[in-house]
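Here's the letter readout for the chains.
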Amino acid sequence: MAVLEDRFGRTFPYLRLSVIEACNFRCSYCLPDGFHARPERPQPLGREEIARLLRGFAEVGLSKLRLTGGEPSLRRDLPEIIASAAAVGGIERIALTTNGTLLDRRVARWREAGLTNLNVSVDALERARFHAITGHDRLDEILRGIELARGLGFAAIKLNAVLLKGLNDDQLPAWLDYLRERDVSLRFIELMRTGDNAAYFQRHHLRAEALEAQLRETGWSLLARAADAGPAREYAHPDYAGRIGIIAPYSKDFCAGCNRLRVTHTGDLRLCLFGNVGIPLRPWLQDDADRDRLVAALRAQLGLKAIGHRLQQGETGMTANLSTIGG
Ligand SMILES: Nc1nc2c(ncn2[C@@H]2O[C@H](COP(=O)(O)OP(=O)(O)OP(=O)(O)O)[C@@H](O)[C@H]2O)c(=O)[nH]1
Ligand SMILES: C[S@@+](CC[C@H](N)C(=O)[O-])C[C@H]1O[C@@H](n2cnc3c(N)ncnc32)[C@H](O)[C@@H]1O
Ligand code: SF4
Ligand code: SF4
């Protein structure tokens, strides 16, 4: 099988596709003023364009697709997008990253359509904290949605909490209670600096090192990483059904295991979450006959992929905030 390989020998079986720019939340680290539509913006990719994109990527080894946003559940045709991805040969996992607001109403339908993996962002387990961070008092319904999802046979359910100094860095005991009986994976994500959040980053960024050391000292052990896995270092403990992961983008060698590419909701390829390089793929998504051109463009672009991000140097690339690219 043909694969996409870069200059550093990395292969890319994992595509993160943003299906919408809009979001209904205003997370303080991402979109503190909420999403504001601008009329001159191009329409997001339609279902046919998405299907052509996925068939092109599948020719060069796509096995894991993540749908993200903005808030992907706001897209009414999400079940149809999932179903058309499930019909593309070679895509073994179809994952969704969501803020969970429509989970309790829609997750069964997504699962029926072919969704295999679910990631839900839950920055705190205390209602008031959750409200303060996300701008919405909706923790209870999100937790209900997760319980519902747990009964639907997903291959994995993962929860994301961005680690924020002074805002949610005292939540470990509550999370441990939560994880004792629930077979979900909670990942603590180090806050990343973006174009928009410089001052916030200064106030709230916290390295996950101390937390990770605490886990190791209390009997959590590191698991091996699968080839198409995301960026988390995952830990398990014999007394807990759940797992804990750490996503530490500022740690040494974080990018050495990069296995993913991104496409924005308007069809722009992005070679890195914080990159400056990427081209519009939309011109090759209008006709099935352009598949070879699409694949050739992917291969040519991959030659430009850098070894890693330059966040340590203060460079955030084109990324104003993660909602514009899907994280
Ligand atoms: N710096 C960096 N952060 C990433 C990358 N991929 C994911 N993240 C961050 O990790 C967090 C969780 O991402 P998810 O959308 O849940 O996806 P994932 O961690 O790849 O998920 P799994 O494949 O299920 O492990 C988000 O904040 C992402 O922005 C990456 O390539 N680089
Ligand atoms: C951009 S959101 C898109 C999907 C969906 N709206 C959600 O929140 O799950 C994807 C992930 O990026 C994370 N994220 C957003 N901004 C971040 C930042 N500056 N640093 C670290 N993670 C961030 C969110 O917490 C979420 O888990
Ligand atoms: S920051 Fe860029 S190079 Fe590093 S893991 Fe993420 S996408 Fe890959
Ligand atoms: S993290 Fe997700 S839910 Fe929160 S504002 Fe960003 S895109 Fe929206």
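The chain is annotated in an unreviewed UniProt entry as GTP 3',8-cyclase of Thermomonas aquatica. According to the UniProt record, the Subunit (unreviewed entry) comment for the chain reads "Monomer and homodimer."

Participant: Explain the UniProt feature "binding site: [4Fe-4S] cluster 1" (unreviewed entry) in the chain to me, using residue names and the numbers behind them.
Facilitator: This chain's UniProt record puts "binding site: [4Fe-4S] cluster 1" (unreviewed entry) on Cys-23, Cys-27 and Cys-30. Note that Cys-27 resides in the loop between β1 (14-18) and α1 (47-59). Not counting residues within four places of it along the chain, the set of residues in contact with Cys-27 comprises Pro-32, Ile-133 and Thr-134. In this structure, Cys-30 sits in the loop between β1 and α1. With a relative accessible area of 17%, Cys-30 lands in the buried category.

Participant: An account of the pattern of salt bridges is requested, with residue identities and associated values reported.
Facilitator: A complete count under the given rule lists 26 salt bridges for this structure. Across the salt bridge formed by Arg-207 and Glu-190, the nearest N and O atoms sit 3.4 Å from each other. Of the two residues, Arg-207 is situated in the loop between α7 (198-204) and α8 (209-217) and Glu-190 in strand β6 (residues 185-190); the sequence distance between them amounts to 17 residues. The class of Arg-207 is partly exposed, set by a relative accessible area of 34%. Glu-190 sits in the buried class, given a relative accessible area of 2%.

Participant: So what about the sheet that holds strand β3 (residues 93-98)? Which residues, and what values?
Facilitator: In space, the 11 strands of this open sheet follow the order β7-β8-β9-β6-β5-β4-β3-β2-β1-β10-β11, with mixed pairing throughout. Edge strands, defined here as strands with exactly one partner in the open sheet, are β7 (221-222) and β11 (269-270). In terms of strand pairing, strand β4 (residues 117-121) meets strand β5 (residues 156-163) through 5 bridges, oriented parallel. If you follow Asn-117 over to β5, its bridge partner there is Ala-156.

Participant: Quick one: what's the story with the UniProt feature "binding site: S-adenosyl-L-methionine" (unreviewed entry) in the chain, residue by residue and with numbers?
Facilitator: The sites that carry the UniProt feature "binding site: S-adenosyl-L-methionine" (unreviewed entry) are, in the present numbering, Tyr-29, Gly-70, Ser-121 and Met-192. Excluding residues that lie within four positions of it along the chain, Tyr-29 makes contacts with Asp-123, Ile-133, Val-162, Leu-164, Leu-191, Asn-197 and Tyr-200. Considering the arrangement of structural elements, one finds Gly-70 in the loop between β2 (64-68) and α2 (78-86). Overall, Gly-70 belongs to the buried group, its relative accessible area being 15%. Not counting chain neighbours up to four residues away, the residues in contact with Gly-70 comprise Ser-18, Ile-20, Glu-21, Ala-22, Cys-23 and Ser-323.

Participant: I'd like a rundown of the site of ligand 4, residues and numbers included.
Facilitator: As a matter of local geometry, ligand 4 sits amid Cys-23, Phe-25, Cys-27, Tyr-29, Cys-30, Leu-31, Gly-70, Asn-99 and Ser-323. Of the residues belonging to the shell around ligand 4, the class tally is 6 nonpolar, 3 polar and no charged.

Participant: Go over the packing of aromatic side chains with me, naming the residues and quoting the values.
Facilitator: Here the structure, examined in full by the defined rule, presents 4 aromatic pairs. Plain terms: the ring middles of Phe-201 and Tyr-250 are 5.9 Å apart, the flat faces sit at 45° to each other, and that makes the pair tilted. Of this pair, Phe-201 sits in helix α7 while Tyr-250 is found in the loop between β9 (243-247) and β10 (260-263), placing the two residues 49 residues apart along the sequence. The exposure classification of Phe-201 matches that of Tyr-250, with both residues buried. The positively charged end of Lys-64 is found above the aromatic ring belonging to Tyr-14, 4.2 Å away from the centroid.

Cut-offs applied
- Residues numbered from 1 in each chain as written.
- Chains lettered and ligands numbered in written order.
- Predicted model: local features only at pLDDT ≥ 70, side-chain atom pairs only at ≥ 80, totals over all residues.
- Heavy atoms only, no water.
- UniProt positions renumbered as here; feature names shortened; annotations may be inferred.
- Helix = DSSP H or I, 4+ residues; strand = E, 2+ residues; numbered from the N terminus.
- Contact = heavy atoms within 4.5 Å.
- Buried < 20%, exposed > 50% of the residue type's maximum accessible area, 1.4 Å probe, protein only.
- Salt bridge = Lys/Arg side-chain N within 4 Å of Asp/Glu carboxyl O.
- Pairing = 2+ DSSP bridges.
- Near = heavy atom within 4 Å.
- Nonpolar A, V, L, I, M, F, W, Y, C, P; charged D, E, K, R; others polar.
- Phe/Tyr/Trp six-rings, centres within 6.5 Å; stacked < 30°, edge-to-face > 60°.
- Lys NZ or Arg CZ within 6 Å of the ring centre and 35° of its normal.

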